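# Structural overview
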Amino acid sequence: LHLCDRRQRQMCIRDRHKSTARMQQEENVYMNEKFFDLSREKQDRMINGALEVFAKNGYKHASTDDMVKAVDVSKGLWFHYFGSKAGLYTFVYGYSVKYMILELSSAMDVQEKDYFEVVRQMEYTKMRVSKSYPYMNLFLQESANETDEEILEQTQADRKILKEKMDGILRNAEIEGISEKAHRDRIKRMIRYTIEGVQHDKMVKTQVEPETVYKEIKNYIELVKTLVRGTDLPAKEDMLDSPITNT
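For the structure given in this document, a descriptive report is provided here. (Residues numbered from 1 in each chain as written. Predicted model: local features only at pLDDT ≥ 70, side-chain atom pairs only at ≥ 80, totals over all residues. Heavy atoms only, no water.)

### As for the side chain of Lys-188
By the element assignment, Lys-188 lies in helix H10 (residues 181-206). At a separation of 3.2 Å, a polar atom in the side chain of Lys-188 contacts the side chain of Glu-174. Those residues within four positions of Lys-188 in sequence are excluded, and the remaining contacts are Tyr-115, Ala-173, Glu-174 and Ile-175. (Helix = DSSP H or I, 4+ residues; strand = E, 2+ residues; numbered from the N terminus. Polar contact = N/O pair within 3.5 Å; in protein donor to acceptor, adjacent residues only side chain to side chain. Contact = heavy atoms within 4.5 Å.)

Pasting the structure below:
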């Protein structure tokens, strides 16, 4: 399996957004479908600018002035295409959910049952996404803590879709060698908290390259796996190996 072509992913996502733009307008979330007539480079610059500001500040404290500075696109254009900060947040959230799901669907090995390997594959895929959209993963992570009622209502459907996808990926993955379910669940939460902490520290405080974030996360996954199974850590690791072993 290979990651699907980036241009095809973007076209697929943008076609879906075009078809829902009018629905968003009817639901009082303004979205001007002319946004999709811009060059892909300008679309991505605006999406990345919004993702960065929302990821670092949350919806309430995000400023369109910061987005203007980040990507050198006038405030007038932001409001021309999205109408409001809420419209922009709703758009980039829906875009991120669809993009991430397409990536995960094409990259994950559905036959893999080892929890540690499934999580590693997920993080490898997110690293690949970050090469095109550096703050998309952090944005989705931080958006889980969003409290604004208007935003929660407007993104409710996409939140449900993302949760179902993530739950589906992990549903059949398990930690071998630990008989107590409560202990397995604690280990899973520990890994999740660790990954979220690394993402926040590396992307908000230091803004390092995606490969560096993945490398550290992979090290933590390998460490926990080693402690659980009582084996020695490998002497050397290829930190950027493929998430799937082709046979």
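### Some details on helix H2 (residues 40-61)
Ala-55 marks where H2 bends most, by close to 80°. Along H2, the residues classified as buried are Gln-43, Asp-44, Met-46, Ile-47, Asn-48, Gly-49, Ala-50, Leu-51, Val-53, Phe-54, Ala-55 and Tyr-59. (Bend = angle between axes of the 7 residues up to and from the residue. Buried < 20%, exposed > 50% of the residue type's maximum accessible area, 1.4 Å probe, protein only.)

### Regarding the pattern of salt bridges
Under the definition given, this model contains 14 salt bridges. Here Asp-65 ties to Lys-75 by a salt bridge, and the two come within 2.7 Å at their closest N and O atoms. Linking Asp-65 in helix H3 (residues 64-71) with Lys-75 in helix H4 (residues 75-82), this pair joins segments that are ten residues apart in sequence. Taking the relative accessible area as the measure of exposure, Asp-65 reaches 37% and is therefore partly exposed. We note a salt bridge from Glu-117 to Arg-120, for which the minimum N-O separation is 2.8 Å. Remark: Arg-120 and Glu-117 occur in helix H6 (residues 115-132); sequence separation between them is three residues, near one turn of the helix. Judged by relative accessible area, Arg-120 falls into the buried class, the value being 7%. (Salt bridge = Lys/Arg side-chain N within 4 Å of Asp/Glu carboxyl O.)

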